[in-house]
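# Overview (structure and organization)
If you want the building blocks of each chain, they are given just below.
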Amino acid sequence: MDEFIARHRDKVVGVLSCADRVIFKGHLNHLSYPEGVERFLSAQGLRIADFKQFAPRHAERIKAHAQAIAARTSRPYRYLDSHIRKEDLARDIARRDKITDGLVCVLAAVEPCRTFKIAYGKGRPKFESAKRKCLFVYFYYILPGFGLVHLRIQTWLPFQVQIYVNGHDWLAEKLSRAGIAYRQRDNAFLSIDDFARAQRLADTFFEQDWIRTLKGFARVINPLLQDLLKDFEYYWVVDQCEFTTDVIFKNPSSLQPLFQEILRYATVHMGAEDILSFLGRKLHPSFAGEVLTDCQSRIPGYRVIHRMKENWIKSYDKFGVILRVETVINQPREFRVFRSGTRNGCTVRAWFPMRKGVSNLFRYREVSLSANMRYLDALAVVADPRPAQQCVQQICQRTRHEGRSVPAINPLAPEERRLFSALLRGEHAIHGFRNKDVREHLFSPTRDAKETRRRSARVSRILRRLHQKSLIAKIPRSRRWRPTATGTAFMAAALQAYDRYFVPKLAS
């Protein structure tokens, strides 16, 4: 990443790496499989057949609890019967009602879920896992130290809980408390007065006692933990973790031309081996899975997504001034963590596949930050096209030099292409070329002295024009010329573009 930042330092305001969307899920392990549900009902003195009355009764309790919280705080409870982005709705309600602390709203919707059904057949009935739909209740809060969060509970067994935290909102709260001025838009910072202090605060996200915090959230939204489930504890996992590295540029004109080149480079030149290396993996014959790159349009632009199975790394621009590289981990077993485990019957400390447990959250950061840095290192080869664009514009437009007009150069004109071919000949690479050398390649032989003088004068004017356009330079203390680095690149590109792109395109 240092190389990328160094190359564009004059255009970059700052860099910030932090968590973005983090989704925690709580599972009641003893109610997560059919036999456990059966034992639970038996402990309540109920039969399997009683499940049909038991489940709806407690689902109604959770729903009534949500409605009571909304009524007690005078906040809206809304049932959504169509697809709508709930977070956007909650933010709109918060802005409309000027909510800066506390409950924003309670939203309910029927969604697919994993639950249980009674299977009848030969012998006694039993429970089986099933995919069905049930009511989910979302509580949207704006909390001190967290910003906007949502707490979601499944009203049907196994009463799964989901907690969503936005790392940028969380960091904004920390910056405000630390007295660091910033400008935030949506889930991105457009400016921060002290990026170094902001980075240190962002890193503490992964050092929080999340288990204790998540337990407190669960008790707010699940009334069954007070009685029916008082002997149960949720086991908390990281269901999804998005970690971003934002490179904030001074203005859109600094980023947008570069971003177009980044899109092209990432789409065309980054292969499966590169994508695996970004994510700390190696391409191995035994690798089973799909690795692909996808360039998608989005409002207001484009983004490139590199997928490795269920994990991915993507790059896109935010609000025209932020280059965001984002690693998303959905399946952590593709990565490793150094921990205690069992091998060959012995307990050892070694590298094992990473699990979803919240205790591994620190490792999510390490893996994601390394992936983002490797990705930006790879992008360091992408040059800002603006200097080249300005150079082409200066060459291909009529300009003035020392008060005199200098004609434009048309790189596709036949006479210009013949001239470029003559100047780039290998025989001129060491000693350069003279007026006579250029005449020999542009014109047919002649013995007419007058015509020779006329041709010499014409080539002199051509060379003067190329010199004024900075395409050639005079070799000191001689009558020879040589192409400049800009001239060599421009003339070679013009010849290549004509043969490789213009002619084939027009012929197809």
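## Things to note about the packing of helix α5 (residues 167-178) against helix α6 (residues 195-203)
With their axes 10 Å apart at the nearest point, α5 and α6 run at an angle of 125 degrees to one another. Classified by the angle their axes make, α5 and α6 are oblique. α6 is crossed by α5, and the crossing has right-handed handedness. Contacts between α5 and α6 involve Trp170, Leu171, Lys174, Leu175 and Ala178 from the first element and Arg197, Ala198, Leu201 and Ala202 from the second. Among the residues forming the contact of α5 with α6, the class breakdown is 7 nonpolar, no polar and 2 charged.

## Some words on the sheet that holds strand β6 (residues 161-166)
Judged by pairing direction, the sheet is mixed, and its 11 strands sit side by side in the order β2-β3-β4-β5-β6-β1-β9-β13-β12-β11-β10 without closing on themselves. Both edges of this open sheet fall to β2 (77-79) and β10 (291-297), since each of them pairs with a single strand only. With direction set aside, neighbouring strand axes in the sheet form an average angle of 15 degrees. Bridging between strand β9 (residues 235-249) and strand β13 (residues 322-329) involves 8 bridges; their strand directions are antiparallel. Across the sheet, the residue bridging to Thr244 is Glu326, located in β13. Across the face of the sheet, helix α3 (residues 51-72) comes into contact with β2, β3 (102-119), β4 (126-143) and β5 (147-154) while running at roughly 175 degrees to β3. Across the sheet, α5 is in contact with β1 (12-27), β4, β5, β6, β9 and β13; its angle to β1 comes to roughly 115 degrees.

## Here's the deal with unusual backbone geometry
In the segment running from Leu157 into Pro158, the intervening peptide bond is cis, with an omega of 10 degrees. Tracing the sequence through the fold places Pro158 in the loop between β5 and β6. For Ser74, which is not glycine, the phi torsion reads 60 degrees and is therefore positive. Summarising the element assignment, Ser74 is placed in the loop between α3 and β2. A positive phi is found at Asp186, a non-glycine position, where the angle reads about 55 degrees. Locating Asp186 in the fold gives a position in the loop between β7 (182-185) and β8 (188-192). Of the residues examined, Asp186 reaches a relative accessible area of 45% and is grouped as partly exposed.

Rules used in this analysis
Residues numbered from 1 in each chain as written. Predicted model: local features only at pLDDT ≥ 70, side-chain atom pairs only at ≥ 80, totals over all residues. Heavy atoms only, no water. Axes fitted to C-alpha atoms, helices over the stretch in contact; angles between N-to-C directions. Helix = DSSP H or I, 4+ residues; strand = E, 2+ residues; numbered from the N terminus. Parallel < 35°, antiparallel > 145°, perpendicular 65-115°, else oblique. Left-handed = near helix turned anticlockwise from the far one by under 90°. Contact = heavy atoms within 4.5 Å. Nonpolar A, V, L, I, M, F, W, Y, C, P; charged D, E, K, R; others polar. Pairing = 2+ DSSP bridges. Buried < 20%, exposed > 50% of the residue type's maximum accessible area, 1.4 Å probe, protein only.

Functional significance is not addressed by these values, which are geometric in nature.
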